[in-house]
Amino acid sequence: MLATTAALALLTACGSSGGAGAGGDARPPGPSVPQVTAGSATPARQSYDPPTAFDQAMGVPMPPAASLGRVTLGGSVVKPLPVALDGLTAYVAATDGLQAVDVTSGKVVGGLAPANPALRPSSTLSNDNPATAPVIATVGGRSEVLVAFLEKVPGQGTTAGHDAIELAAMDAGTHQSAWTLSLDVPDGVLDPYDTRSTGTLLGVRGSTAVLQVADSSHGAALAVDLTARKLLWQQTSFTPKALTDSGVVGIVPKDPAGVQQNVSALALADGHPLWNSPKDSYQTAIAPAGPTTVAVWDRDYGSGKSEARLLDAATGHPTVDLGTDLTGTDCRYDDRSVTVCSTGGTVVAVDATTGQQLWKLPDDAAHRVAPKVSAVWHGLVYGTTENGPVILDARSGADHPGTPAAAPVLVNGYSGLALSDKQDGLFAYPAVG
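Residues numbered from 1 in each chain as written. Predicted model: local features only at pLDDT ≥ 70, side-chain atom pairs only at ≥ 80, totals over all residues. Heavy atoms only, no water.

When its secondary structure is counted, the chain shows zero helices and 32 strands. Evaluated residue by residue, the chain yields a buried proportion of 52% over its 433 residues. Restricting to contacts in the chain with at least 6 residues of sequence separation, those with at least 24 account for 50%. Summing over all exposed atoms, the chain offers an accessible surface of approximately 18,700 Å²; the carbon and sulfur share of this is 53%. (Helix = DSSP H or I, 4+ residues; strand = E, 2+ residues; numbered from the N terminus. Buried < 20%, exposed > 50% of the residue type's maximum accessible area, 1.4 Å probe, protein only. Contact = heavy atoms within 4.5 Å. Areas by Shrake-Rupley, 256 points an atom, 1.4 Å probe, with all protein chains shown as cover.)

Next comes the structure, spelled out in structure tokens:
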């Protein structure tokens, strides 16, 4: 394995830090006290934790990068948005940049770009846009917005050009670039002829960030110490898919083509193996489903049987069998205590700690249909049925009174990001209740 070289470029950042953690502010339930925006005597929006209504008449359009490759022609959001909400700011990531957008006006109030050309510029992408949401983390007492770029470092002199992954930080208070760290992609990880290579930030736990570099069949994990701004460890022949409190869960290829696979986990501190799945699989997909849980969908390599389950990330032991009707499902954690899994016409909610099933829809006996889930946040499930936008209580599954007016695909106390009535774009709608 080629030793990874780290080139650190520090950019001076001015002003104080601000903002909150990823997903929005953590405030007590109900409206907050109105606050005054900097440089203005106009009170800022109230915050609701969680919001139950949105004003569709006051929608603000988001930049095209917020929905690039995420919305179908029929008007459905098919992948998570490359967006993080923090207070009144939406941070929109692309393969070649990061924008800070004021959700009250739609104005871009800050941005940054990679130091070198992106390996896959956003202008060349459509439905295969690999950008993921940036991560908002507190580093050294300062709130920063972190994003990763896969880039091509040009050759210079006798040094050949090579691929690198750049971890870039924006100060959440000033919306200016704070620092960058460039790490060489380990030799042999990316097929130079593969047009679907990606480099993303998987997540942050404490002062450690985990980066993913992958092509269509192989990958590598790189862990970075955010305080020292240096590489902690890297592991090739391992594609990280979910970062939990227990470690990094991912896929290990068992053959050169990467068809036969194994689900495995690494310790966050040093990358040593924690556990390996006792069976081999193929067409494996893994996603985070809570602070200690991951969702796994795959096919048994021997029988070809499809399976969907939740695993304890610390041990690899199954906690919930989602059954074959939830294969390929989308699982979302509400950032409190509930994980909601949905696919097609079925929705299941489980306790994120115990794995106990809380409720399931549809319920024919109660004449209740399953909603199409759009977002889950702070105890509420947002979605739509044939009757329009709906909100459910995440723990009981009961309908929340009132009409939300919009079904947000991303939400915090101030705003909900949703498609317009005409399904012609992504808008930020203010929370009003």
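Picking up where we left off.
Moving on, we get to the sheet that holds strand β6 (residues 108-112). Paired through their backbone hydrogen bonds, the strands of a sheet run either parallel or antiparallel. Pairing in this open sheet of four strands is antiparallel, and the strands run β3-β4-β5-β6 from one edge to the other. Looking at which strands have only one partner, the edges of the open sheet turn out to be β3 (83-86) and β6. The mean angle between the axes of side-by-side strands here comes to 20°, regardless of whether they run parallel or antiparallel. Note that strand β4 (residues 89-94) and strand β5 (residues 97-102) share six bridges and pair antiparallel. Along β5, the bridge assignment pairs Ala94 with Gly97. (Pairing = 2+ DSSP bridges. Axes fitted to C-alpha atoms, helices over the stretch in contact; angles between N-to-C directions.)

Turning our eyes to something else, we now look at the nonpolar core. Leu146, Leu167, Trp179, Leu201, Leu211 and Leu226 are the most contacted members of the largest nonpolar core, which totals 25 residues. Per-element accounting of this core gives the leading share, four residues, to strand β10 (residues 177-184). Excluding its chain neighbours within four sequence positions, the residues that come into contact with Leu167 are Leu146, Val147, Trp179, Thr180, Leu181, Leu201, Ala209, Leu211, Val224 and Leu226. One finds Val60, Val101, Val103 and Leu426 within the second-largest nonpolar core, a separate group that totals 15 residues. (Core = buried A, V, L, I, M, F, W, Y, C linked by side-chain atoms within 4.5 Å.)

A word on the pairing of β10. Counting buried positions along β10 yields eight of eight residues, so the element is predominantly enclosed. Across seven bridges, the pairing between strand β9 (residues 162-171) and β10 is antiparallel. Among the inter-strand pairings, Met170 is bridged to a residue of β10, identified as Ser177.

On to the packing of aromatic side chains, then. In this description, a pair of aromatic rings is defined by centroid distance and the angle of the planes. Under the definition given, this model contains three aromatic pairs. Ring geometry for Tyr282 against Tyr301: centres 6.2 Å apart, planes inclined by 85°, an arrangement best described as edge-to-face. Here Tyr301 lies in the loop between β20 (293-300) and β21 (306-312) and Tyr282 lies in strand β19 (residues 281-288), a separation of 19 residues in the sequence. On the basis of relative accessible area, Tyr282 is assigned to the partly exposed category, the value being 21%. (Phe/Tyr/Trp six-rings, centres within 6.5 Å; stacked < 30°, edge-to-face > 60°.)

It is worth spelling out the pattern of salt bridges at this point. Evaluated as defined, the whole model comprises 15 salt bridges. A salt bridge links Arg142 to Glu144, with the shortest nitrogen-to-oxygen separation between them at 2.7 Å. Residue classification places Glu144 among the buried residues on the basis of a relative accessible area of 0%. Two residues, Asp330 and Arg332, come together in a salt bridge whose shortest N-O distance is 2.7 Å. Residue classification places Asp330 among the partly exposed residues on the basis of a relative accessible area of 32%. What emerges from the salt-bridge pattern is a single network uniting Lys279, Asp298, Glu307 and Arg309. (Salt bridge = Lys/Arg side-chain N within 4 Å of Asp/Glu carboxyl O.)

This part is about the side chain of Asp215. Note that Asp215 resides in the loop between β12 (208-214) and β13 (219-225). Buried within the structure, Asp215 lacks any salt-bridge partner; its nearest side chain of opposite charge belongs to Arg196, at an N-O separation of 9.7 Å. Here Asp191 takes part through its backbone nitrogen, which lies 2.9 Å from a polar atom of the side chain of Asp215. A distance of 3.0 Å separates a polar side-chain atom of Asp215 from the backbone nitrogen of Ser217. Ignoring anything within four residues of it in the chain, the contact list for Asp215 reads Val189, Leu190, Asp191, Asp194, Arg196 and Ser197. (Lys, Arg positive; Asp, Glu negative; His and termini not counted. Polar contact = N/O pair within 3.5 Å; in protein donor to acceptor, adjacent residues only side chain to side chain.)

For the structure shown, the criterion picks out one cavity of 30 Å³ or more. Within this model, the largest cavity holds a volume of roughly 170 Å³. Taken together, 21 residues form the lining of the largest cavity, with Thr95, Ala131, Ala148, Gly199 and Thr200 sitting closest to its centre. At the level of elements, β4, β8 (142-153) and β11 (198-205) are the ones that each hand at least two residues to the lining of the largest cavity. Tallied by class, residues from the lining of the largest cavity come to 14 nonpolar, six polar and one charged. (1 Å grid on protein atoms, 1.4 Å probe; cavity = no way out; pocket = protein on both sides within 12 Å on 5 of 7 lines; lining within 4 Å. Points joined across faces, edges and corners; volume = space filled by probe spheres on them. Nonpolar A, V, L, I, M, F, W, Y, C, P; charged D, E, K, R; others polar.)

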